Amino acid sequence: MLVHSRPARWAVWAAFAAVFLPVFALPFLVIVAASFATGWSGALPSGATLAHYRDAARGDALDALVTSLLTALAASASALAVGTWSALAVQALRTRARRLGRAVDTLFMLPVAVPSVVVGLSLLVAFSRPPLLLNGTPTIVVLAHAVLVTAFAHQSVTAALSRLDPVYEQAAASLGASPAHVLRRVKLPLLLPSLSAAAGLCFALSMGELSATMMLYPPDWLPLPVTVFAATDRGSLFSGAALAVVLMGATLIVLTAVSRIRTRASYR
Amino acid sequence: MAERGGSEPRTRPFPFPGGQAPRTPRGPRARGAVPAWALALPPLAVLGLVFLYPLALVLRQSVSPDGGGFSLSAYGDVLAQAAFRDALVNTVLIAVGATLGAVVLGFALALVIAFVPFPGGKALSRFVDVFLSFPSFLITLALLFVYGTAGMANGLWTGATGAAHGPFDFLHTPWGVLLAEVTYFTPFVMRPLLAAFSQVETAQLEAAASLGATAPRIVRRVILPEALPSLAAGGSLVLVMCLNEFGIVLFTGAKGVTTLPTLVYGKAILDGDYTGACVVAVVNIALSVALYGLYRSITSLNGVRRARA
């Protein structure tokens, strides 16, 4: 407790609310409110309607939602596989060659530092010609998302591995379990809560990815963020808001489901 | 699942029968294990194919425009353009401004959540986590409804004064981008700070207070030194993310505000000038990766300090 007098405490809380609510809570309330409206020329939106959601539930908007979900699923699954493998490899390297381990770790974290737009551009430059002609296919979008989110999977699995008590694997190894067996029966089950958290993070980031997608998307594979941009760009802000709510809702549902799996996994 | 896992070891023969001493695995590399560097090869190969090789091609295209020979002429062309210089200045100024804003605001808000606790503070820090998983362009979209030409703020103003249009018209200027970036990136500063604040001993604060230190003095002399490493790490990460931010600037839709990422997009997709885009991309990568190196060295220093403490 830093502030002891009661009036001063209330003053601090009032100042906090005066900053926090308008700056952080208002944006989401505003988008949700706008998605049910047709106009906004006063303090509150006007012309209550569900039409934007009816439009969002069919045709192109529904396709975009399915596209986003499939892209995020494929990207986060491959990111989780590669990120877990690389985190395990870096941990193994670190115990023998510290510097090498750190260098490999930096290499896997590099996609965080490189602008997403540039990741998109580089895939466009690399895979627009044979032998690997991916430009214009959904694969290149999935690939870009996977590149961007693998670093986050790698980072969270690395953090989880460093918190893992080595006693369990040492005990298993001393009882004669092979390294593969230790990995499958001891390490991965212990990592399960962190793995599902990493999967949720990757999924959410991929659902909202716009920068690299704008560089790469083929006309038949439009993820939700691109359709939100297209709607606002042609001036239909209110249907854009409804699509944004669908995007946030889908992300939240998946995150909640993943965190339920996580609590169950940590009870085992 | 649990029963199966529990019973399996018992059905196996005891691994070292007849009093034979078990061969203790020396170090982490046990019998039958592949060497660590071989374990690292498959993910490195994937990373090389889908990330490093494409980046190398971007670099190659920027220095050999026609696919043959080495030439810096593309750099000369791009660097001479006023649009590029404007974008560079915009990018750096907006990123530095947004980072300063996010650091100050994030420090103040995290301070209240951690040290002047109130009911619902836990839920609030969970809200901050959710905030982090949403895409940045939602903030610009929301600001369009709050400060846009037909938004909440201008609506209130015209309703109250009867004027034809409201006074708020900054969304399509760099200030609009700055406001959106401060909003979006403040939680990225708050999260490491909240973690660092939870390590601060309350007894230290009580001792300082009982010796007569005022709250601002405690913040300056006790809390700030403790939080400085996290603040530096969070701030430099946000600086890199601001330099690379694309969605917020794109959604602002301002012709006047170009940053390096939007310039890359404009050159490649709108103009079809891939060589120019690659040049801008190389400049952007150099800037961001240099700063990211700084961030990595700060966080590894923090790790060393924590290990020593």
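Quick caveat, the model's predicted, so the values are computed rather than measured.

Definitions and limits used
- Residues numbered from 1 in each chain as written.
- Chains lettered and ligands numbered in written order.
- Predicted model: local features only at pLDDT ≥ 70, side-chain atom pairs only at ≥ 80, totals over all residues.
- Helix = DSSP H or I, 4+ residues; strand = E, 2+ residues; numbered from the N terminus.
- Buried ≥ 20, exposed ≤ 12 C-beta atoms within 10 Å, placed from the backbone.
- Contact = placed C-beta atoms within 7 Å.
- pLDDT = per-residue confidence, 0-100.
- Core = buried A, V, L, I, M, F, W, Y, C linked by C-beta atoms within 7 Å.
- Axes fitted to C-alpha atoms, helices over the stretch in contact; angles between N-to-C directions.
- Parallel < 35°, antiparallel > 145°, perpendicular 65-115°, else oblique.
- Left-handed = near helix turned anticlockwise from the far one by under 90°.
- Nonpolar A, V, L, I, M, F, W, Y, C, P; charged D, E, K, R; others polar.

### As for the overall build of chain A
Part 1 of the reasoning: Helix and strand counts for chain A stand at 11 helices and 0 strands.
Part 2 of the reasoning: Along the chain direction, N to C, the helices and strands of chain A fall in the order α-α-α-α-α-α-α-α-α-α-α.
Part 3 of the reasoning: Principal-axis analysis of the C-alpha atoms places the extent of chain A at approximately 70 × 70 × 35 Å.
Part 4 of the reasoning: The proportion of buried residues among the 268 residues of chain A is 48%.
Part 5 of the reasoning: Counting only contacts in chain A whose residues sit at least 6 apart along the sequence, the fraction spanning at least 24 positions is 71%.

### Observations regarding the overall build of chain B
Part 1 of the reasoning: Secondary structure assignment for chain B yields 13 helices and 0 strands.
Part 2 of the reasoning: Each helix and strand of chain B, placed in order from N terminus to C terminus, yields the pattern α-α-α-α-α-α-α-α-α-α-α-α-α.
Part 3 of the reasoning: A buried classification covers 40% of the 309 residues belonging to chain B.

### Describing the interface of chain B and chain A
Part 1 of the reasoning: Taken residue by residue, the interface counts 75 residues in chain B and 73 residues in chain A.
Part 2 of the reasoning: When residues of the side of chain B that touches chain A are assigned to their parent elements, the largest contribution, 17 residues, is made by helix 2 (residues 36–63) of chain B.

### Concerning the environment of tyrosine 75 of chain B
Part 1 of the reasoning: Examined against the element boundaries, tyrosine 75 of chain B turns out to sit in helix 3 (residues 73–80).
Part 2 of the reasoning: In this structure tyrosine 75 of chain B comes out as partly exposed when scored by C-beta crowding, with 17 C-beta atoms within 10 Å.

### A short note on the confidence of the model for chain B
Residue and element names in this part refer to chain B.
Part 1 of the reasoning: Of all residues in chain B, 85% attain a pLDDT of 70 or more, and the chain-wide mean is 80.
Part 2 of the reasoning: Note that residues 1–31 has pLDDT below 50 and, in this model, 16 contacts with residues that lie over four places away or in other chains.
Part 3 of the reasoning: As a predicted assembly, this complex carries a pTM of 0.85 together with an ipTM value of 0.85.

### Points about the nonpolar core
Part 1 of the reasoning: Core analysis: the biggest nonpolar cluster contains 170 residues, and Leu121 and Cys202 of chain A together with Val264 of chain B have the highest contact counts within it.
Part 2 of the reasoning: The element best represented in this core is helix 4 (residues 82–115) of chain B, accounting for 15 residues.
Part 3 of the reasoning: In this view, cysteine 202 of chain A contacts Ala75, Ser76, Ala79, Leu80, Val149, Phe152 and Ala153 of chain A; residues no more than four positions away in its chain are not counted.

### Observations regarding the environment of valine 149 of chain A
All names here are of chain A.
Part 1 of the reasoning: Residue placement: valine 149 occurs in helix 6 (residues 138–163).
Part 2 of the reasoning: Along the sequence, valine 149 and alanine 204 sit 55 residues apart, while their C-alpha atoms lie 9.6 Å from each other.
Part 3 of the reasoning: Leaving out residues up to four positions away in the same chain, valine 149 has contacts with Ala75, Ser76, Ala79, Cys202, Leu205 and Ser206.

### Things to note about the environment of alanine 11 of chain A
Part 1 of the reasoning: Within the secondary structure, alanine 11 of chain A sits in helix 1 (residues 6–35).
Part 2 of the reasoning: Taking the C-alpha atoms as reference points, alanine 11 of chain A and leucine 121 of chain A, 110 residues apart in sequence, are found 50 Å from one another.

### Some remarks on the packing of helix 6 (residues 137–147) of chain B against helix 8 (residues 174–197) of chain B
All names here are of chain B.
Part 1 of the reasoning: Between helix 6 and helix 8, the shortest axis-to-axis distance is 9 Å and the interhelical angle comes to 125°. Taken together, the axis directions place helix 6 and helix 8 in an arrangement best described as oblique. For helix 6 against helix 8, the interelement crossing comes out right-handed. Residues Ile139, Thr140 and Leu143 of helix 6 lie in contact with helix 8, whose contacting residues are Gly176, Leu179, Ala180, Thr183 and Tyr184.
Part 2 of the reasoning: Of the residues assigned to the contact of helix 6 with helix 8, the class counts are 5 nonpolar, 3 polar and no charged.

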